[in-house]
Structure formats: C-alpha cells, structure tokens
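Fold and geometry: a report
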Amino acid sequence: MNFIQPVDLEKISNDEESGETSYVPEDGLTATQLLNNGDGLTYNDFLILPGFIDFSADQVDMTSALTKKISLKTPMVSSPMDTVTESDMAIGIALLGGMGFIHANCTPEKQASYVRRVKRYEQGFIQNPVTLGPKNTVEDVKLLKTQYGFSGIPITEDGLSNGRLVGLVSSRDFDFLPCKDKGVLLEKVMTPLSELIFADTSVTLAEANATLSKSKKGKLPIVDKDGNLVSLIARTDLKKNRNFPLASKDDHKQLLCGAAISTHEEDRHRLSLLVDAGVDAVILDSSQGNSIYQIEMVKYIKQTYQDLQVIGGNVVTAAQAKNLIDAGVDGLRVGMGSGSICITQEVMAVGRPQATAVYKVAEYARRFGVPVIADGGIQNVGHITKALALGATTVMMGSLLAATSESPGEYFYSDGVRLKKYRGMGSIDAMENRASQARYFGEKDKVRVAQGVSGSVQDKGSIHTFIPYLVSGLQHGCQDIGAKSLSQLRSMMYTGELRLEKRTASAQVEGGVHGLHSFEKPHV
C-alpha cells in the first residue's frame, strides 16, 4: 500500500523566503522501472520527460562508438540489404559521418568491388593507385572510370602501381577524340613525365595538399629516388575534406566501409576478398545470432584477422549476447522481427519488442565495453533518440534510407507517387539468392518459409539532405532532454536522471497529428 509522504511545510516556507524551492516531487520512471516489469515495449510505448536546457542544439556532440575500435561522428549506419546499401550509399553515409555495410546478396567478387570503390573514393595518400601502362588504350581508361568513378590515372612503364612513372592520363586528354579512336594508345595522349608536377616521398600530406592547391593540377604523384610511383594525392579529396568535415575515415584517410557475411564455411573466401579490398568491419548477418556457427566464425575471424572489427548478431537477450561477447565480438547488432518488412515474430513466434531488446542487451554489453547497434523499428527521428537513450551507441536504418537517391534500384511511379522497391532479406524475392537464404538458415529447406516481405517506399531525395535532417532532429531531442552528448544521454539513463513514462494507446493518438480534416506530413 502506498502512503503519501509528509511534506515539511516549515522547510518549504524557509525556501520561499530565499526565492527558491527545494521540494520537487519524483516524476516518471527510470529505465529500470519501466523496462524490467515483464512487458515488451516498442519505441512508441514510452516518452522521455524533458530536462533542463543550458546549451544550443548544435553544441550536442554526436560522437559514439560503433565497435570497440571504431567511433563515428554521426551515430547512424545503413543496413546490409540489397535495396539499401551498395557503394553509393556507403560512400554517401560515410561522408556524412556514419558508415555503410555492403550487402552479401551478390557474388564475393562483386561485394569486394563495392568495398574497393568506397575505399578508393576519398583518400589522403593513395597507397596502391590504379595504374595503366603506355600500351593500354583510351578504352581501358573509360572502363576504369565506369568501375571506380575517376579517370586521372598514372601511367607507369610496366603498368604496375609501383612501376617507374612515365606520365598521367585524364579525361581531358581524350574528351574530344572521335569514338572510332578509342583504341588509341595512352602513350599518344598522356601528359608525359616532363610536364608533370610530382613530389618525393619526404613530402607531408599538408605540403602535398599545398602543392596541389598552388599548381591547380588534379593529381600529385609521389615518387621515390628511382622515379618509381609510391602513392598519389587527388585534388578532389581536398574539396571533399572541406565539404564533409564529419567524414568517417581510417588511419589512411580512406572512407570507412563495412560489409556483411554469413556464418558458412564458404564465406571465409568472401571474407578474404573483403579484407583484401580494405573492409573495416564485418557484420555476421543472421536473424538469430546465438548459434554455434556464428561463435565458430567469430573465433576464426579474430584468430585470422586480428585487426578486423567483428559485429555479431542479431540478438535480443543478454543470454544471446553473452555467448557472442565470450567469442570475442567487437559490437552487437540488436533486433529480431522489428523491421518494417520483417515478419519473423509473426511467422516464427520468436523475437522481442525493440525498445526492451535494446535496453536489455545494451545494459548487459556495456559491462564488457561492447557497443550496441539498434537494428530495426526505426520509423522516425524520435525513434533514433529513444534507441540511443536506451543504451544503443548507434542505430541501423533500412526502410528509413530506402528510396533515397543513393539506394540501389530504379524509381517508378504508382498513383503519381515516386517510389523505389524495398524488400526484406527474408522475403521470397531476396531468398532467390543463396546468400540471403543462409541468413535465415534456409538454404537446405525444400519449402521456403519467408520471414520478410517485398514492398515499396516513397522517394526521400538524397541522403545528403536527409541525414543532416535526422542529425538535427537528434540534437534537438538531446537538447530537450538536457544531454550535451550521447555519452551523457546514456549516463543519465543508467543513473536514473533520465525519466521515462509509458504511453497509453490514447496518449499515442494525442502525440500524433489529430483533429484535422486533412494535413500534409513531410516524409523527411
């Protein structure tokens, strides 16, 4: 039975004389009180009570850990789905401070080529530049431009990346050549070494950038004392550094890129190709990550590629997380059946509401320094704030990024609305590919049981406008809560300073648009 606590009226009277009050009734619930009562809650089932504001929204620090060794300035990553992340998405989100994970629903060689394209996109010293020889043709350059997106290519004596530099070719050297001349040898059109500006190996990155800026050239080759090509610096990288200050980069100034693999033995070959391409982290892509297959794969990766970051999952309980943490994962992916195209909970009767799943796993994993990715159930920017407030360090988005300009697929119109196809990796469509079947342990099944659906999503424009909108919304949410950083937000939750409140069904109606005859809601 609850009793009303007596209030010290004399103390309140004394406080009023000083113009202040010391009595504030306890309000709301702690995360422990809300999420440890046996109910499974989604992001819509609760709200965060506001705190005190003494800073501007743009002062909120968004830096957060993706894995034990990788931190991002924007706590958002793209899902490894074949209608969400290929090289264009991975490049775009990395430039904005997040990170993309290339899907595995393709050949190992194709997936590695996507990773390689991301890693070559923006760099400081390009250590192994794409090169050609004098006897290659203009058509060879055009093919490389189609594959990698650039055409400024060093020409070495033997065509190797460490060969003696003899010239450089760019699209300006052959733009006006007739189509019939595509077989012209590069030695006929290239800019020869005598007309090139280059630097030796003692040059620093700052000095090299200054030389490029002063010379107004597109590329600066770096050569050793024997004239052999060592590395390359691109002028476009200077512009990208200025335009994208939050870009996620590795120690070599290359964009960060992740990729998905399965737990099957044959994917060890896929993993080898991804490592050769420069992948920074791999996700073990499984709908239920607590398996002997994933544990064995984690141990294999950590023994074979010690520097590669491994993200395990998916998990929704502390017990699942324990086995993967013991195996050595550097991060955990949380979510089972909460995605907009996922029907795992309906078909398999297994899973967990996402808010509860994130809190339970994050509260356990933090004790071992393992960051958590909230994967699934993110429908709007408010859900991102809630996921991070419950202990996740990053959020993974699928449907929210599908139908952006950078996602794979072609736009089409239906009833005058511009759409793109979006499908779950457990849908029958996606499981036509064996890699997607492996995610759901279904490649040997005679009868396929779908755990996802196919659909379409409305055009959201480019992520270069959409991600900044999400970041700004997240910063304003943290400001209302009174958290100047994401680490402080999580700290407030664990200490009980962050107060939450459960929402009834009518409260959820009240919190949305209501009482209007018609309205237009922006989809960004």
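The sections below set out a description of the structure shown in this document. (Residues numbered from 1 in each chain as written. Predicted model: local features only at pLDDT ≥ 70, side-chain atom pairs only at ≥ 80, totals over all residues. Heavy atoms only, no water.)

Points about the overall build of the protein chain
As a reminder, the rule being used: In DSSP terms, a helix is any run of H or I states spanning at least four residues, a strand is any run of E spanning at least two, and both are numbered starting from the N terminus. Type-normalised accessible area, obtained with a 1.4 Å probe on protein chains alone, sets the label of each residue: buried when under 20%, exposed when over 50%, and partly exposed for intermediate values. Residues are treated as being in contact if the distance between any of their heavy atoms lies within 4.5 Å.
Helix and strand counts for the protein chain stand at 18 helices and 21 strands. Expressed as a percentage of its 524 residues, the buried residues of the protein chain come to 51%. Within the protein chain, residue pairs in contact and separated by at least 24 positions form 66% of the contacts whose partners lie at least 6 positions apart.

Re the pairing of strand β11 (residues 229-234)
Defined as follows: A pair of strands is labelled paired if DSSP reports no fewer than 2 bridges between them.
Most of β11 sits inside the fold, with five of its six residues counted as buried. Bridge count for strand β10 (residues 219-223) against β11 is five bridges, and the pairing is antiparallel. Pairing of Ile222 across the sheet is with Ser231, part of β11. In this antiparallel pair of consecutive strands, β10 and β11, the connection spans five residues, and Gly227 shows a positive phi of 85°.

Some words on the environment of Gly258
Looking at the element boundaries, Gly258 is found in strand β12 (residues 258-261). Apart from residues lying up to four places away in sequence, Gly258 is in contact with Met99, Gly100, Phe101, Ile102, Val279 and Ala281.

Points about the environment of Gln379
For Gln379, the location among the structural elements is in the loop between β16 (372-375) and α14 (381-389). Residue Gln379 is classed as exposed on the basis of its relative accessible area, which comes to 55%. Separated by 40 residues in the primary sequence, Gln379 and Gly339 place their C-alpha atoms 9.1 Å from one another.

Structural notes on the packing of helix α3 (residues 87-95) against helix α16 (residues 463-481)
The angle between the axes and the distance between the axes are what describe a pair of packed helices. How we decide: Only C-alpha atoms enter the line fits that serve as axes; for helices the fit covers just the stretch in contact. Angles between N-to-C directions range over 0 to 180 degrees. When an angle is under 35 degrees it counts as roughly parallel; over 145 it counts as roughly antiparallel; between 65 and 115 it counts as roughly perpendicular; any other value is oblique. Put simply, a crossing is left-handed when the front helix is turned counterclockwise from the back one by less than a right angle, and right-handed when it is turned clockwise. Basically, the charged four are Asp, Glu, Lys and Arg, the nonpolar ten are Ala, Val, Leu, Ile, Met, Phe, Trp, Tyr, Cys and Pro, and anything else, Gly included, counts as polar.
At a minimum axis distance of 10 Å, the contact between α3 and α16 shows a crossing angle of 45°. As summarised for this structure, α3 and α16 are arranged oblique, according to the angle between their axes. The way α3 lies across α16 gives a crossing that is right-handed. In contact with Met89, Gly92, Ile93 and Leu95 of α3, α16 contributes Ile463, His464 and Ile467. Considering only residue class, the contact of α3 with α16 consists of five nonpolar, two polar and no charged.

Regarding the packing of aromatic side chains
Quick note on the threshold: Working definition: a ring pair exists when centres of Phe, Tyr or Trp rings (six-membered ring for Trp) sit within 6.5 Å. Plane angles under 30 degrees give stacked, over 60 give edge-to-face, the rest tilted. In our convention, an over-ring charge means Lys NZ or Arg CZ found within 6 Å of a ring centre and within 35 degrees of that ring's normal.
A full pass over the atoms with the stated rule returns two aromatic pairs. Judged by centre distance (5.1 Å) and plane angle (55°), the ring pair of Tyr364 and Phe368 falls under tilted. Taking relative accessible area as the criterion, Phe368 reaches 44% and is therefore assigned partly exposed. Ring centres of Phe466 and Tyr469 lie 6.2 Å apart, and the angle between their planes is 20°; this geometry places the pair in the stacked category. One end of the pair is Phe466 and the other is Tyr469, both in helix α16 and three residues apart, which spans about a single turn. Since its relative accessible area comes to 37%, Tyr469 is described here as partly exposed. Positioned above the aromatic ring of Phe46 is the side chain of Lys386, whose terminal nitrogen or guanidinium carbon lies 5.2 Å from the ring centre.

Observations regarding the pattern of salt bridges
A pair can form between side chains of opposite charge whenever their charged atoms are brought close. Note the cut-off: By definition, a salt bridge exists where a carboxyl oxygen of Asp or Glu is found within 4 Å of a side-chain nitrogen of Lys or Arg.
What the rule picks out here adds up to 16 salt bridges. In this structure, Asp39 engages Lys502 in a salt bridge whose closest nitrogen and oxygen atoms are separated by 3.1 Å. Here the residue Asp39 occupies a position in the loop between α2 (31-35) and β1 (46-48), and Lys502 occupies one in strand β21 (residues 500-502), the gap between them amounting to 463 residues. Looking at Lys502, the relative accessible area reads 44%, which means it is partly exposed. One salt bridge in this structure joins Asp330 and Lys302, with 2.7 Å as the shortest N-O distance. Highlighted residues: Asp330 in the loop between α11 (318-327) and β15 (331-334) and Lys302 in helix α10 (residues 292-304), separated in sequence by 28 residues.

What to know about the pairing of β15
Burial along β15 is two-sided: Gly331 and Arg333 and Leu332 and Val334, pointing in opposite directions, are all buried. As paired elements, strand β14 (residues 309-315) and β15 share four bridges and run parallel to each other. Bridge pairing links Gly312 to Leu332 in β15. With three bridges joining them, β15 and β16 adopt parallel strand pairing. Within β16, the position partnered with Val334 by the bridge is Ala374.

A closer look at the sheet that holds strand β8 (residues 191-192)
Taken together, three strands build an open sheet; the order of strands is β6-β7-β8 and the sheet is antiparallel. Unpaired on one side and paired on the other, β6 (153-156) and β8 mark the two borders of the sheet. Here four bridges tie β6 to strand β7 (residues 165-169), and the two strands are oriented antiparallel to one another. Of the residues in β7, the one forming a bridge with Thr156 is Leu165.

Focus: the packing of α10 against α11
The N-to-C vectors of α10 and α11 enclose an angle of 25°; their axes lie 9 Å apart at closest approach. The orientation of α10 with respect to α11, classified from their angle, is roughly parallel. By crossing handedness, the relation of α10 to α11 is classed as right-handed. On α11, the residues that touch Gln294, Ile295, Val298 and Lys299 of α10 are Asn323, Leu324 and Ala327. Residue classes in the contact of α10 with α11 are distributed as four nonpolar, two polar and one charged.

Keep in mind that these numbers describe shape and distance, not what the molecule does.
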